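Each chain, letter by letter, is given below.
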Amino acid sequence: MFKYYGKYAPYLFLLPAAVVLIIFFFIPFFHTFVLSFQDYSNSLYSANFAGLDNYIKLFKSPVFYKVLFNTFIYLFAAVPVLAIVPLFLAILLNQKIRGITLYKILIYIPVIVSIVVAAIAFKWLFADEGILNYIVTSLGFQRIGWLTDPNWALYSVIIVTIWKGIGYYMMIYLAALMSVPKELYEACDIDGAGFFRKHLTVTIPHIMPTIALVTTISAISAMKVFAEIYVMTKGGPLNSSKTIVYYIYERAFENLDLGFASAMAVVLLIIVLALSLVNVLFFERKKYQI
Amino acid sequence: MKKLIEKLSTHAILIGVSLLSIFPFIWLISTSLKGNSENIFAYPPTIIPKDFTFANYTGVWQKVDFIRYFVNSMIVAGGTVFLNLILSAMAGYPLARMEFRGKKITFFAILATIMIPFQAIMLPVYLITLKLHLIDSVNNFAGFVGLIMPFAVSAFGIFLMRQAFLGIPKEMEEAAIVDGCNVFQIFTKVLLPMVKPSLAVLAIFTFIGSWGEFLWPSIVLTKETMYTLPVGVNNLQGMFSSNWRFIAAGSILATIPIIIFFLSMQKYFISGENDGAVKG
């Protein structure tokens, strides 16, 4: 086909998106690094060059290590659950059974509803004299300070993230399961393979790329949690439920320490980039022909 | 027999998970319908209210301007969807159909944006928004623009549209050229109508994302009259401190619009065929 468009047409079409991405994406990306080398602690409007001071302050701060540790707990608690449970549910829903649409709708509702409402709903479940503690005490245990006990708060917030993510990843798995050839299952049935053997030998190898995708997406989203923590615990008690993004927010917008917050944002960037690269290098090599 | 047990246990698990998915809301609804004479901390808890009343709903409705929050959310989500459709379609078209210098680098630059989370760059985004005076303390319009612009286009949308344009046979464009269409007419009159399904998917997922956005509005908004629903709902906690009846009623009220939207569009969410609609 001959070139029916002028020399400048491609650039004209790209221009509006490029302007938005440059102003609200690429400039901020590089500016984050610049900010992390500046000192704003005297005034928001006049910055002094600070060299590595922010990073030194960051790496000397015990709160930073606490926050980093919490973020990795978040990662290691939420990601395995979000990679496995939705797969199991998707396998159950990938059969001809009654009420399938209703199940899907109900399990997907947490995904649709605003995270703020979800966090409020859970805050109410987690209340000291709330319904969860009723169940706990009637089973004969001590009442749990779900959001007030430093040993529990982080896990209570993680529960909300998991609860909200299950339906989303289940739908991704369902789409992938549709591409598994039905004949393979029929062959299994003839061999008399049970539920677990069937899916271990056929389903899982077949959708390995999707499992990798879900693992990466859920890991990256775990790095980015904010609303749950903001609404439920504000990072407390005693920083026990504070993760990286919440701490960036707190240092930048409550303490107005932009340099320190930006140094932390750089740490976040490096972790997320590393996670993405692991995904690209190990799981999606073929797609990008690396 | 084995088949029957398998089937029964499948349903048992699915019913259990479905209940877990909606129980937090059921409990919230239950609390919102309990009158003042009923102890909402009663042991054992009761799901069906004994002192049934809608008073909490009317009460919270009078104190909180939900209509305003709803309209604000509509403006922000509507504007975000509108810009995403236009900008993604425009950018996706040359990436799918044209040859030009710098195509590869453009492609990779857009791809790179997927890997960089907004949360990591939000401070400079905030400073730029301030510098451009796109903030509600200037005026409401500027405030809305500031809420929308950082999310006006995404790599996800551009790649979704590029994929859609790749699927259109080249003959369509050739026929249009013979008819004397120029490149803009080909884009608006021939190609855009053919990618409507992808535009619909993009619109719906962008809408949901924008509707639930909390971090950005809670950073930039300074005036209560500009609150979107999630910010307004969070604010209920401060307004009614420990009045859980009102907080519950307000949260449920704020959730009704998105539930209606979801149920009327459910085939887009749960058909399982929107493979491309995976968003990080």
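For every chain, the first residue of the written sequence is number 1, and numbering continues from 1 along that sequence. Chains and ligands are labelled by the order in which they are written, letters from A for the one and numbers from 1 for the other. Given that this is a predicted model, residues contribute local features only at a pLDDT of at least 70 and side-chain atom pairs are listed and counted only at 80 or more, while totals for whole chains, interfaces and linings are drawn from all residues.

Asker: Explain the interface of chain B and chain A to me, please; I cannot follow it from the model alone.
Answerer: Reports often express the size of an interface as the amount of accessible area lost when the parts come together. Opposite the 73 residues of chain B that make contact, chain A presents 73 residues. At 14 residues, helix α1 (residues 2-32) of chain B tops the list of elements feeding residues into the side of chain B that touches chain A. Note on residue classes: Ala, Val, Leu, Ile, Met, Phe, Trp, Tyr, Cys and Pro are nonpolar, Asp, Glu, Lys and Arg are charged, and everything else, Gly too, is polar. Class assignment for the residues of the side of chain B that touches chain A results in 51 nonpolar, 15 polar and 7 charged. The contact rule is simple: place each C-beta atom from the backbone, and if two of them lie within 7 Å, those residues are in contact. Secondary structure elements are taken from DSSP: a helix is a run of H or I of four residues or more, a strand is a run of E of two residues or more, and numbering for both begins at the N terminus.

Asker: Would you take a moment to explain the domain arrangement of chain B for this structure?
Answerer: Residues and elements named next belong to chain B. Domain boundaries in chain B define domain 1 (2-53) and domain 2 (61-277). Taking only C-alpha atoms into account, the centre of domain 1 sits 34 Å from that of domain 2. Facing 6 residues of domain 1, the contacting portion of domain 2 comprises 6 residues. A class-by-class count of the residues in the side of domain 1 that touches domain 2 yields 3 nonpolar, 2 polar and 1 charged. As annotated, the domain borders come from an automatic or database domain assignment.

Asker: How should the nonpolar core be read in this particular structure?
Answerer: Nonpolar side chains in soluble globular proteins generally cluster together in the buried interior. Grouped together as the largest cluster of nonpolar side chains are 169 residues, with contacts concentrated most on Ala119, Ile248, Met264 and Leu268 of chain A. Per-element tally for this core: the top contributor is helix α7 (residues 153-177) of chain A, with 16 residues. Not counting the four nearest positions on each side in its chain, Leu268 of chain A is found in contact with Met223, Ile244, Val245 and Ile248 of chain A together with Gln119 and Ala120 of chain B. Only buried Ala, Val, Leu, Ile, Met, Phe, Trp, Tyr and Cys residues enter a nonpolar core, and they are joined through C-beta atoms within 7 Å. Residues with at least 20 neighbouring C-beta atoms inside 10 Å of their own are called buried, those with 12 or fewer are called exposed, and the rest are partly exposed, where every C-beta is derived from the backbone.

Asker: What's the story with unusual backbone geometry in this structure? I'm lost.
Answerer: Excluding glycine, a negative phi dihedral is what most residues carry, and trans is how most peptide bonds are arranged. Cis peptide bonds are those with omega within 30 degrees of zero, and the linkage from Tyr43 of chain B to Pro44 of chain B qualifies with -10 degrees. Note on placement: Pro44 of chain B falls in the loop between α1 and α2 (55-63). Backbone geometry places Asn239 of chain A, a non-glycine residue, at a positive phi of 60 degrees. The phi dihedral of His133 of chain B is positive, around 60 degrees, even though this residue is not glycine. If you trace the backbone, His133 of chain B turns up in the loop between α5 (118-131) and α6 (140-148).

Asker: Mind showing me how you'd approach the packing of helix α1 (residues 9-36) of chain A against helix α3 (residues 66-97) of chain B here?
Answerer: In a pair of packed helices, the angle between the axes and the distance between the axes together describe the arrangement. The axes are straight lines fitted to the C-alpha atoms, using for helices just the contacting stretch, and the angles between their N-to-C directions are given from 0 to 180°. Where α1 of chain A contacts α3 of chain B, the two axes come as close as 8 Å, and the packing angle between them is 135 degrees. Accordingly, the angle class assigned to the pair α1 of chain A and α3 of chain B is oblique. α1 of chain A and α3 of chain B meet at a crossing whose hand is left-handed. Contact residues: α1 of chain A offers Pro10, Phe13, Leu14, Pro16, Ala17 and Val20 of chain A, while α3 of chain B offers Leu87, Met90, Ala91, Tyr93 and Pro94 of chain B. Angles are sorted into four bins: roughly parallel if under 35 degrees, roughly antiparallel if over 145, roughly perpendicular if 65 to 115, and oblique for all others. Crossing handedness is read from the near helix: turned anticlockwise from the far helix by less than a right angle, it gives a left-handed crossing, and turned clockwise, a right-handed one.

Asker: Would you mind going over the confidence of the model for chain A with me for this structure?
Answerer: Where the model shows low pLDDT, its predicted coordinates should not be examined in detail. pLDDT measures how confident the predictor is about each residue, on a scale from 0 to 100. Averaged over all residues, the pLDDT of chain A is 89; the fraction at 70 or higher stands at 95%. Mean pLDDT per element in chain A: helix α14 (residues 285-288) of chain A is the minimum at 56, and helix α5 (residues 115-125) of chain A is the maximum at 95.

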